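Fold and contact review
Here is what each chain is made of, one letter per residue.
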Amino acid sequence: MTTTTEKPRRNGVDTATLFATLDAVKGQNEIAKFRFRASNTWQTGTHSRSTASGFFGAMQELRHKSDTVLDFDHPAVLVGTDNGPTPVEYLLHAIAACLTAGIANIAAARGVELTKVTSTVEGDIDLLGILGLSDGSVRNGYEQIRVSLAVEGDADDETLRGIVEQSRRRSAVYDVLANPTSVVIDVVTG
């Protein structure tokens, strides 16, 4: 007789692995150092294509299960050919996805079964900054980003709101957007 045991999952999260990962990192902090990479190649006009495949994490070089290829462009009204979302639109997707992943993990760790997590994200940009028409008084990036989350599960409203707040506090994308991040640009020519 063969017995098969499945790893316990809550909200699609392997909670045993989640807690084992936390324990491993507590025991050896170096495991937590990651370096993600993307390569981007100009196609034409404002259209470019990025690929994410490998990264460094858990003290080793790793690869994603499959390469992710993303196209970026501007819509025609912004002198593009609309072959993909603008780079700043990807930031909206990134904050939504990061918060959602955090909500799923935190809810699973707290024993909360989720039934729905959806979000709408909006960001306001004044193109006077990007176009250099503001004498420096208008920033180039988003003036404000608003995230509206709908969360349902087998917990009361206060618990669900607490899960969302914990996700916000731990979100890498929220942190990058809300706090200054050093960006170093190296240029190779020829």
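Presented here is an overview of the structure given in this document. For clarity, every value in this text was computed on a predicted model and none was experimentally measured. (Residues numbered from 1 in each chain as written. Predicted model: local features only at pLDDT ≥ 70, side-chain atom pairs only at ≥ 80, totals over all residues. Heavy atoms only, no water.)

**Overview of the side chain of Asp-73**
Tracing the sequence through the fold places Asp-73 in the loop between strand 6 (60-72) and helix 2 (87-109). The buried charged residue Asp-73 lacks any salt bridge, with Arg-49 as its nearest oppositely charged partner at 9.2 Å. Reaching out from Asp-73, the side chain makes a polar contact with the side chain of Thr-46 at a distance of 2.4 Å. Side-chain polar atoms of Asp-73 contact the backbone nitrogen of Asn-83, separated by 2.9 Å. (Helix = DSSP H or I, 4+ residues; strand = E, 2+ residues; numbered from the N terminus. Buried < 20%, exposed > 50% of the residue type's maximum accessible area, 1.4 Å probe, protein only. Lys, Arg positive; Asp, Glu negative; His and termini not counted. Salt bridge = Lys/Arg side-chain N within 4 Å of Asp/Glu carboxyl O. Polar contact = N/O pair within 3.5 Å; in protein donor to acceptor, adjacent residues only side chain to side chain.)

**Some words on helix 4 (residues 157-170)**
Along an α-helix, residues three or four apart share an orientation, since each turn contains 3.6 residues. Along its 14 residues, helix 4 runs 20 Å from first to last C-alpha, staying within 8% of the 20 Å computed at 1.5 Å per residue. Among the residues of helix 4, those classed as buried are Leu-160, Ile-163, Gln-166 and Ser-167. Seen end-on, helix 4 carries its buried residues on one side only, within an arc spanning 120°. Structural note: helix 4 exposes Asp-157, Glu-158 and Arg-161 on the side pointing more than 90 degrees away from its buried face. Lining the buried residues of helix 4 we find helix 2, strand 7 (114-124) and strand 8 (144-153). (Expected span 1.5 Å × (residues − 1). Arc of directions from axis to C-beta. Contact = heavy atoms within 4.5 Å.)

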